[in-house]
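Examining the three-dimensional arrangement
The chain contents come next:
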Amino acid sequence: MYILVNPANWREDSESELEAMSFVSDQFANTLEAPSFDHSKVKREWKSLKIVYKNFYQGISTKELWQKVLEYRKHEYANVCLLVEIVMAIGVSNSTVERGFSMVTAILSDRRLSLQHNTMENLIKANDGLWSKTEKEEIIDYALNHYMQTK
C-alpha cells in the first residue's frame, strides 16, 4: 500500500500502483462511500498526477509532495487523494496500538478500576504525546476533579 505514497516506488507502467489502489478501495469501500469516491476516475487521476509530479514536484520530499497535492490539487485528484489519505492514516506497524494498550494497562490498576469512561479517556489523552505540559496538566486536573465529584 505504501507504494502509493512514496514517488521513489512509482513505476512507469503504473500497474502495481493501480493494483494497490484497488486493494485499498476494496478494503475501505464503506469508508469511501460517504465522500462519493469514484473508482472509475482513479486511473486517469493517477496517470495525470504522475505527470504533474515529474514536471513540478520531482525532487521534493514525500511529505512535502502530499502536503502540496492535498492542499492545492485535491480537487483535480479527489479520488487518488482519498486513497492516499487512508493509506497515510494507517500506521506502518501496530506499535501505536500496543502503546495505547500499555497506557491503559499503566492507568488501570486495582485502585483505578472504578474510573468512568470519560475520565479514562482524558487520562489516555494526557499521556499520548500530543499535548503540551500545560495541556496535560489541565486534562489531568479536569479528569481528577470530575472523578472526585462522582465519589
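Everything that follows concerns the structure shown earlier in this document.
**Describing the overall build of the protein**
Along its length, the protein carries 8 helices and 0 strands. Starting at the N terminus and ending at the C terminus, the protein contains elements arranged as α-α-α-α-α-α-α-α. Counting the 151 residues in the protein, one finds 30% classified as buried. Contacts in the protein between residues far apart in sequence, at least 24 positions, make up 57% of those at least 6 positions apart. Summing over all exposed atoms, the protein offers an accessible surface of approximately 10,000 Å²; the carbon and sulfur share of this is 53%.

**Considerations on the packing of helix α3 (residues 42–57) against helix α4 (residues 62–72)**
The interhelical angle for the contact between α3 and α4, taken along N-to-C directions, is 120°, at an axis separation of 12 Å. Between α3 and α4, the angle is such that the two are oblique. Of the two possible hands of crossing, α3 and α4 adopt the one that is right-handed. Residues Trp46, Leu49, Tyr53 and Tyr57 of α3 pack against Leu65, Trp66, Lys68 and Val69 of α4. Taken together, the residues that form the contact of α3 with α4 break down as 7 nonpolar, no polar and 1 charged.

**Quick look at the side chain of Glu45**
Summarising the element assignment, Glu45 is placed in helix α3. One buried charged side chain, Glu45, makes no salt bridge at all; its nearest oppositely charged neighbour is Arg44, positioned 4.4 Å away. Not counting residues within four places of it along the chain, the set of residues in contact with Glu45 comprises Glu76, Tyr77, Ala78, Asn79 and Val80.

**What to know about unusual backbone geometry**
Residues apart from glycine generally show negative phi values, whereas peptide bonds are mostly found in trans. One non-glycine residue, Ser14, adopts positive backbone phi at about 70°. Relative accessible area serves as the criterion here: at 3%, Ser14 is assigned to the buried category. With phi around 50°, Ser36 is a residue other than glycine that occupies positive phi space. Looking at where Ser36 falls in the secondary structure, it is placed in the loop between α2 (29–33) and α3.

Reading guide: rules and limits
- Residues numbered from 1 in each chain as written.
- Predicted model: local features only at pLDDT ≥ 70, side-chain atom pairs only at ≥ 80, totals over all residues.
- Heavy atoms only, no water.
- Helix = DSSP H or I, 4+ residues; strand = E, 2+ residues; numbered from the N terminus.
- Buried < 20%, exposed > 50% of the residue type's maximum accessible area, 1.4 Å probe, protein only.
- Contact = heavy atoms within 4.5 Å.
- Areas by Shrake-Rupley, 256 points an atom, 1.4 Å probe, with all protein chains shown as cover.
- Axes fitted to C-alpha atoms, helices over the stretch in contact; angles between N-to-C directions.
- Parallel < 35°, antiparallel > 145°, perpendicular 65-115°, else oblique.
- Left-handed = near helix turned anticlockwise from the far one by under 90°.
- Nonpolar A, V, L, I, M, F, W, Y, C, P; charged D, E, K, R; others polar.
- Lys, Arg positive; Asp, Glu negative; His and termini not counted.
- Salt bridge = Lys/Arg side-chain N within 4 Å of Asp/Glu carboxyl O.

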